[in-house]
Amino acid sequence: MTTIPPSITRIDRVEAPTREQFERDYVKQRKPVIITGVADQWKAFSDWTPEYLKSLAGNVEVDVHYNAEGNFHKWYTNTPDRHDQRLPFGKMIDIMRGPAETARKHYMTEHSLGLISPDLVPDLSVSSLIDETIGPGRCTGPTLFVGHNTCMPAHLHGTTEAFMCQLQGTKEIILHGPEQTPKLYSLPWYSHQYIFSEVDWFRGCQWKNVDYDKYPLVKEAEALEFTVYPGEILFIPVHWWHVTSVEGYQLSVTYFWASDRERWYFPSLGREVQAHEAFLHFQRMFLALDQKKRGRRDRQREARAQEALKHFEKMCDALGCPLPTDEAGTQTLYEQLNL
Ligand SMILES: O=C(O)CCC(=O)C(=O)O
Ligand SMILES: [Fe+2]
């Protein structure tokens, strides 16, 4: 597997490439790119006014992330800050189109468009760029993002490639290649929030207000900084870090599709992503053990849990991601595994 990252100093803009071109020049090279001339042809680009969206799905209930400070770094990285509001889609749009003070406390992200309204799905398509049907469940999408004064905290996608399709609002983006990971303070692979960075790029709701005293290496990390305009699609390759910010109302749609493992960045991040997948698997197992014996932490259950933990440990050693041995790490791991 390749470990050499592409060396990129600026983002290309390419107009409506063919599938073959896109695969050869960008997916295979693990190279981000802005695609023009595709999304600006969609009905979703020309017709998705608030009134149109509300007329099709105004009453459908959606889950909208909520943080009283409007800090979605906290929402994503601190479990106690995770709150959702269940709102009618139309009401959510009204909030996002209303005064910033209220709107910025809400962000609807990654919501299945088909669940909001199957009638909206044919209004857009990336089939000129990728085969949306490859393998069962390989392309999940489209997923909808609607917000106002938004900031998506620094994160990467562990197992997928992505098209972020900007339909309304102008988005500021910072990208870091996977090889910059040692400078980006990623959360440990054995935490739920793995794939996120500890660094808050929106401290006090101020874009790029990073605490460099606490996170000095971020300053040294190579970055691509650019703007994505309405009607443009950003290709985010697997394991590329991204942070986004928008002033005012914005609506975008992201398609995710499974990445071939040979595109993963090894050894690190690929090994942590695999260890994280194992972590999720074992966590489900521990939860199941716990649920069956709720309130009865009997010997048999303890023995099974210990056995499973040994398997998990062996698997992590084999992947080159040993379990933490320090007290804080062990505590985090045990808490997250529900042990
Ligand atoms: O636009 C955003 O706020 C987040 C976009 C993103 O992270 C994605 O599409 O993967
Ligand atoms: Fe993302």
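Quick caveat: nothing in here was measured; it's all calculated off a predicted structure.

Definitions and limits used
- Residues numbered from 1 in each chain as written.
- Chains lettered and ligands numbered in written order.
- Predicted model: local features only at pLDDT ≥ 70, side-chain atom pairs only at ≥ 80, totals over all residues.
- Buried ≥ 20, exposed ≤ 12 C-beta atoms within 10 Å, placed from the backbone.
- Helix = DSSP H or I, 4+ residues; strand = E, 2+ residues; numbered from the N terminus.
- Pairing = 2+ DSSP bridges.
- Core = buried A, V, L, I, M, F, W, Y, C linked by C-beta atoms within 7 Å.
- Domains from an automatic or database assignment.
- Contact = placed C-beta atoms within 7 Å.
- Near = placed C-beta within 6 Å.
- Nonpolar A, V, L, I, M, F, W, Y, C, P; charged D, E, K, R; others polar.

Draft legend 1. Inspection of the pairing of strand β10 (residues 233–236) at higher detail. Residues Ile233 and Phe235 of β10 are buried on one face, and the alternating residues Leu234 and Ile236, pointing to the opposite face, are buried as well. The pairing of strand β2 (residues 33–36) with β10 spans three bridges and is classified as antiparallel. Counterpart to Val33 in the pairing with β10 is Phe235. Here strand β7 (residues 160–168) pairs with β10 via four bridges, running antiparallel.

Draft legend 2. Main features of the nonpolar core. Grouped together as the largest cluster of nonpolar side chains are 74 residues, with contacts concentrated most on Met92 and Ile233. In this structure, this core is formed jointly by two domains, domain 1 (12–263) and domain 2 (270–337), each of which donates at least three residues. Ignoring sequence-local partners within four residues, the contact set of Ile233 consists of Ile34, Ile35, Val38, Ala39, Phe163, Met164 and Cys165.

Draft legend 3. Broad picture of the site of ligand 1. Around ligand 1 sit Phe145, Thr150, Met152, Ala162, Met164, Ile236, His242, Thr244, Ser252 and Thr254, and those are all the residues in its vicinity. For the shell around ligand 1, the secondary-structure elements that each account for two or more residues are β6 (139–155), β7 and β11 (241–258). Looking at the shell around ligand 1, the element that brings in the most residues is β11, giving four residues.

Draft legend 4. Focus on the domain arrangement of the protein. Here the domain parsing of the protein yields domain 1 (12–263) and domain 2 (270–337). One C-alpha centre belongs to domain 1, the other to domain 2; they are set 31 Å apart. Contacts between the two partners involve eight residues from domain 1 and, on the opposite side, 11 residues from domain 2. When its residues are assigned to classes, the side of domain 1 that touches domain 2 shows four nonpolar, four polar and no charged.

Draft legend 5. Here's a closer look at unusual backbone geometry. That bond from Phe266 to Pro267 is cis: its omega, 0°, falls within 30 degrees of zero. Within the secondary structure, Pro267 sits in the loop between β11 and α8 (270–292). Following Ser268, the chain continues to Leu269 via a peptide bond in cis, the omega torsion being 25°. Among the structural elements, Leu269 can be located in the loop between β11 and α8. A positive phi is found at Lys208, a non-glycine position, where the angle reads about 65°. Along the polypeptide, Lys208 turns up in the loop between β8 (171–176) and β9 (224–228). Residue classification places Lys208 among the partly exposed positions, given that 13 C-beta atoms sit within 10 Å.

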